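Chain by chain, the residues:
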Amino acid sequence: MSEPLSEYVRYEYDVTAGNVAGGEQVRWLPRRRATDLALPGNDFWLFDGETLLINHFDGEGELTPQDDKELITDPAVLKLCATAFEAVWDRATPHEDYRPA
């Protein structure tokens, strides 16, 4: 994410404590610490290492219509995204340790 946090990301940060209390693991990675990471161009969710859901957003950061989502099962793309996720996860700061500027 960009720092300083936008109003919306600050809101996300503030409400994340509830997710963490419920058992979710959340980490934060400022863009300035991600320069040397090769990352996919779109937001994604990887399910069980077998299916990748690609979310597409418009220029305002709004999710585009439902029919614009992609489901991908190509093993090469799955591996690329899983590797990118692990690189980010390893470098990111756990929610309980991150303090926004």
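Higher on the page you've got the structure.
If you're wondering where the values come from, they're calculated on a predicted model, not measured in any experiment.

Some thoughts on the sheet that holds strand β4 (residues 70-72)
Within the open sheet, the 3 strands sit side by side as β2-β3-β4. Their pairing is antiparallel. In the strand order of this sheet, the two ends are held by β2 (43-47) and β4, each with one partner. Taking the axes of each pair of neighbouring strands and ignoring which way they run, one obtains an average angle of 20° across the sheet. Bridge count between strand β3 (residues 51-55) and β4: 3 bridges; the pairing is antiparallel. Looking at β4, one finds that leucine 53 is bridged to leucine 71.

Observations concerning the packing of aromatic side chains
Working definition: an aromatic ring pair is given by the centre-to-centre distance plus the angle between the planes. Within the structure shown, the criterion is met by 6 aromatic pairs. Ring centres of phenylalanine 85 and tryptophan 89 lie 5.6 Å apart, and the angle between their planes is 20°; on these two criteria the pair is classed as stacked. One end of the pair is phenylalanine 85 and the other is tryptophan 89, both in helix α2 (residues 75-91) and 4 residues apart, which spans about a single turn. Overall, phenylalanine 85 belongs to the partly exposed group, its relative accessible area being 41%.

Concerning a nonpolar patch on the surface
Together, Tyr8, Tyr11 and Val15 make up an exposed nonpolar region whose accessible area comes to about 340 Å². Mapped onto the elements, valine 15 comes out in helix α1 (residues 7-21).

Focus on the pairing of β2
The sheet contact formed by β2 and β3 spans 5 bridges and is antiparallel. Across the sheet, residue leucine 46 finds its bridge partner in β3, namely leucine 52. In this antiparallel pair of consecutive strands, β2 and β3, the connection spans 3 residues, and aspartate 48 shows a positive phi of 55°.

What to know about the layout of surface pockets
By volume, the largest pocket amounts to about 1,600 Å³. In terms of lining, the largest pocket is formed by 32 residues, of which the most central are Met1, Glu12, Arg27, Asp43 and Val88. Listing elements by their share of the lining of the largest pocket, those giving two or more residues are α1, β1 (27-28), β2 and α2. Per element, the largest residue contribution to the lining of the largest pocket is 6 residues, and it comes from α1. Looking at side-chain class alone, the lining of the largest pocket contains 20 nonpolar, 7 polar and 5 charged residues.

What counts, and at which threshold
- Counting of residues starts from 1 at the beginning of each chain's written sequence and follows it residue by residue.
- Predicted model: local features are reported for residues with pLDDT of at least 70 only, side-chain atom pairs are reported and counted for 80 or more only, and whole-chain, interface and lining totals are derived from all residues.
- Only hydrogens and water are set aside; all other atoms, that is, all heavy atoms of the structure, feed into the side-chain values.
- Note on pairing: DSSP must find at least two bridges between two strands before they are called paired.
- Think of it this way: any DSSP run of H or I at least four residues long counts as a helix, any run of E at least two long counts as a strand, and we number them from the N terminus.
- Lines fitted to the C-alpha atoms define the axes, with helices restricted to the stretch that makes contact. Angles between their N-to-C directions range from 0 to 180 degrees.
- Each pair of aromatic rings taken from Phe, Tyr and Trp, with Trp reduced to its six-membered ring, is defined by centres within 6.5 Å and is described as stacked if the planes are under 30 degrees apart, edge-to-face if over 60, and tilted in the remaining cases.
- Classification of residues uses two cut-offs on accessible area relative to the type maximum, computed with a 1.4 Å probe and protein chains only: under 20% is buried, over 50% is exposed, and between them is partly exposed.
- Like charges are joined within 9 Å and nonpolar side chains (Val, Leu, Ile, Met, Phe, Trp, Tyr) within 5 Å, but only among residues with over 30% relative accessible area and no salt bridge; these make up the patches.
- The Shrake-Rupley method, run with a 1.4 Å probe, gives the accessible areas here. Residue values count only the displayed protein chains as cover.
- One side-chain nitrogen of Lys or Arg within 4 Å of one carboxyl oxygen of Asp or Glu is enough to make a salt bridge.
- Both site types are read off a 1 Å grid over the protein atoms alone. A 1.4 Å probe that fits but cannot get out defines a cavity, while an open set with protein on both sides within 12 Å along at least five of seven lines defines a pocket; lining residues have an atom within 4 Å of a point.
- Grid points are joined across faces, edges and corners, and a volume is the space filled by probe spheres set on the points.
- Lys, Arg, Asp and Glu make up the charged group, whereas Ala, Val, Leu, Ile, Met, Phe, Trp, Tyr, Cys and Pro make up the nonpolar group; the residues left over, Gly among them, are polar.

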